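# Inside the fold
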Amino acid sequence: MLDLKFIRQNPDVVKAGAAKKRIAIDLDKLLELDRVVREEGVVIDQLRSEQNAKAKLIGKAAPEERARLAEETKRGKADLKVREDAQAAREAELRQLLLRVPNVPAAEVPEGRDDSENVEVKRWGEPRKFDFEPLDHIAIGELHDWIDVTRGARIAGSRNYFLKGDLSLLEGAVMRYALDLMVARGFVPLSVPTLVRSEVMVGTGYFPGGEEQAYRCDERDDLCLVGTAEVPVTALHQDEILAHTELPKKYVALSSCYRREAGTYGKDTRGLYRVHQFLKVEQVIVDAADPAKSLAHHHDIVKNAEDVLQSLQLPYRIVNVCGGDLGAPQIQKFDIETWMPSRKNYGETHSASRFHEYQARRLNMRYRDEQGTVRVCHTLNNTVAASVRMLIALIENHQQANGTVWVPPVLRSYLGGREFLGRPRA
RNA sequence: GGAGGCGUGGCAGAGCGGCCGAAUGCGGCGGUUUUGAAAACCGUUGUGCUGAAAGGCACCGGGGGUUCGAAUCCCUCCGCCUCCGCCA
């Protein structure tokens, strides 16, 4: 959410930002409503002030005077009540409009309509040239009885799965490795709720707009399953005023992630690329409202993810996400795409976003700066490692001619020192 | 699931329906004192909206109601605690 004052003062900047993101908004309607709300607010404050003054007089008046004065004060009440109700409705509508105003993208965000126009900014590693016919992850899974999508679908519908044996262990190894790496870099590990109030989905910017992608409990609970630990972690300090001395807050969390993947029928149906549930280690930073700091953090959290991929010896590339592919909340986003032999292409495995105060304002998450001024925080987040996609990359890229999977050295201590997973093919 | 209790400022903890945006203590900040520190003493210390300012308005878990007037009364939701039951 943007600061209403900022929108008032820079309507053209906000309009241009929305246009760059290909998001339609009626800003003039919002500004007009804002004008009415403020105008009427002055009137209501004045009326309330008068009512308060009269009520106060009654308290001091002689008992026999009270009835008459009360009767008089009663008259102003009805008018005020009508105005207050109308104002409350206007304010609610204003907030709804405000929640839909997208954050203004950074100048460095490329123009573009969709993900095909994202701009590659870096490439690391060479996609491996196989001297045998490589299998895709499903085939490797079948070979070792590592993946069971049939039974996954039977008990939970399509895009659900069981991981078995070494692959299940590998998942744990990668998650723990990612977590340990981040803890070594000073990030505080968190175990988090993955079922949150819809208010928190609004606070982090997923609602309104992303309702179709989230699993929602029924009306008894008003709880949603999160699509990422970003949601509970970013909201950790909701409604707090932090001291500048305790910033930046750096957190890392491993959690299950749930995604409905509505509207993706027929897309990525083979394999585990697109699934409803997976594990992910996520990094989140909350810091002061300083664009330079935010930018530096953005580079750092991308670097953290790169270090994970490099140490796992997985080729990847980084794209600067274009305006049309950027979500409403982000200032800028870098996606990291890891090489997946079965796709003969890079597939998205990480997404690093910086938000400035967009999320923090919605979450009412603030801090007191050196001067004692209360300001809204900045937030950022990035994947460290997302389970199934990272497993796809690992077993496809590191498969051997004999069917086994080579384990990168950094993961071996999490797998009893083993160098290869799976039995060699006969 | 049943019975009861409680939710007040960074924390602790008062608060008769009007004099309460809220006592007091602790903590924080500034100062006096001190070679320095501690102690003591003095002052200061919530957030938002509006306004050039003075000021005005709102907020005592959330929402609604009663009343001329609500932190204080009523309803409801949320959260926490205690006891009983049930399950792990």
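Residues numbered from 1 in each chain as written. Chains lettered and ligands numbered in written order. Predicted model: local features only at pLDDT ≥ 70, side-chain atom pairs only at ≥ 80, totals over all residues. Heavy atoms only, no water.

## Some points on helix H3 (residues 27-60)
Taking 1.5 Å of rise per residue, 34 residues should cover 50 Å, and H3 covers 49 Å from first to last C-alpha, within 8% of that figure. Leu 27, Leu 30, Leu 31, Leu 33, Asp 34, Val 37, Glu 40, Gly 41, Ile 44, Gln 51 and Ile 58 are the residues of H3 that are buried. (Helix = DSSP H or I, 4+ residues; strand = E, 2+ residues; numbered from the N terminus. Expected span 1.5 Å × (residues − 1). Buried < 20%, exposed > 50% of the residue type's maximum accessible area, 1.4 Å probe, protein only.)

## Here we look at the protein's contact with RNA strand B
Taken together, 21 residues are adjacent to RNA strand B, and Asp 45, Ala 55, Thr 73, Lys 74 and Arg 368 come closest. Close to the protein, within 4 Å, the atoms of RNA strand B are drawn from sugar and phosphate at a rate of 74%. In this structure, Arg 48 approaches RNA strand B through a side-chain N or O atom, which is 3.2 Å from a sugar or linking oxygen. With respect to RNA strand B, the side chain of Ser 49 contributes an N or O atom lying 3.1 Å from a sugar or linking oxygen. Going through the elements one at a time, helix H1 (4-9), H3, helix H4 (63-99) and strand S13 (366-368) are the ones with two or more residues in the surface near RNA strand B. If you tally residues by element for the surface near RNA strand B, the top one is H3, at 8 residues. Residue composition of the surface near RNA strand B, grouped by class: 5 nonpolar, 4 polar and 12 charged. (Near = heavy atom within 4 Å. Polar contact = N/O pair within 3.5 Å; in protein donor to acceptor, adjacent residues only side chain to side chain. Nonpolar A, V, L, I, M, F, W, Y, C, P; charged D, E, K, R; others polar.)

## Description of the sheet that holds strand S14 (residues 374-376)
If you trace the 3 strands from one edge of the open sheet to the other, you get S7-S13-S14, paired in mixed fashion. Of all strands in the sheet, those bounded by a partner on one side alone are strand S7 (241-243) and S14. Across the sheet, the mean angle from the axis of one strand to that of its neighbour is 40°, orientation sign disregarded. Pairing of S13 with S14, which is carried by 3 bridges, proceeds in the antiparallel orientation. By the bridge assignment for S14, Tyr 367 is matched with Arg 375. (Pairing = 2+ DSSP bridges. Axes fitted to C-alpha atoms, helices over the stretch in contact; angles between N-to-C directions.)

## Some remarks on helix H2 (residues 11-20)
Buried within H2 we find Val 14, Gly 17, Ala 18 and Lys 20. Viewed along the axis of H2, the buried residues span an arc of 160°, placing them on a single side of the element. Elements that come into contact with the buried residues of H2 comprise H1 and H3. Backbone geometry just after H2 places Arg 22 at a positive phi near 60°. (Arc of directions from axis to C-beta. Contact = heavy atoms within 4.5 Å.)

## So, empty space enclosed by the protein
Taken as a whole and assessed by the stated rule, the structure comprises 1 cavity of 30 Å³ or more. The space that makes up the largest cavity amounts to roughly 30 Å³. Leu 170, Leu 394, His 398, Val 405, Trp 406, Val 407, Pro 408, Leu 411 and Leu 421 together form the lining of the largest cavity. Across the lining of the largest cavity, the residue classes break down as 8 nonpolar, 1 polar and no charged. (1 Å grid on protein atoms, 1.4 Å probe; cavity = no way out; pocket = protein on both sides within 12 Å on 5 of 7 lines; lining within 4 Å. Points joined across faces, edges and corners; volume = space filled by probe spheres on them.)

## Considering the domain arrangement of chain A
Examined at the domain level, chain A breaks down into domain 1 (4-99) and domain 2 (115-421). Taken over C-alpha atoms, the centre of domain 1 sits 43 Å from the centre of domain 2. Of the roughly 630 Å² buried between domain 1 and domain 2 on both sides combined, carbon and sulfur atoms contribute 54%. On the domain 1 side of the contact with domain 2, Lys 21, Ile 23 and Leu 99 bury the most area, a combined 72% of that side's loss. For the interface between domain 1 and domain 2, the tally reads 0 salt bridges. (Domains from an automatic or database assignment. Buried area = accessible area lost by both parts, 1.4 Å probe. Salt bridge = Lys/Arg side-chain N within 4 Å of Asp/Glu carboxyl O.)

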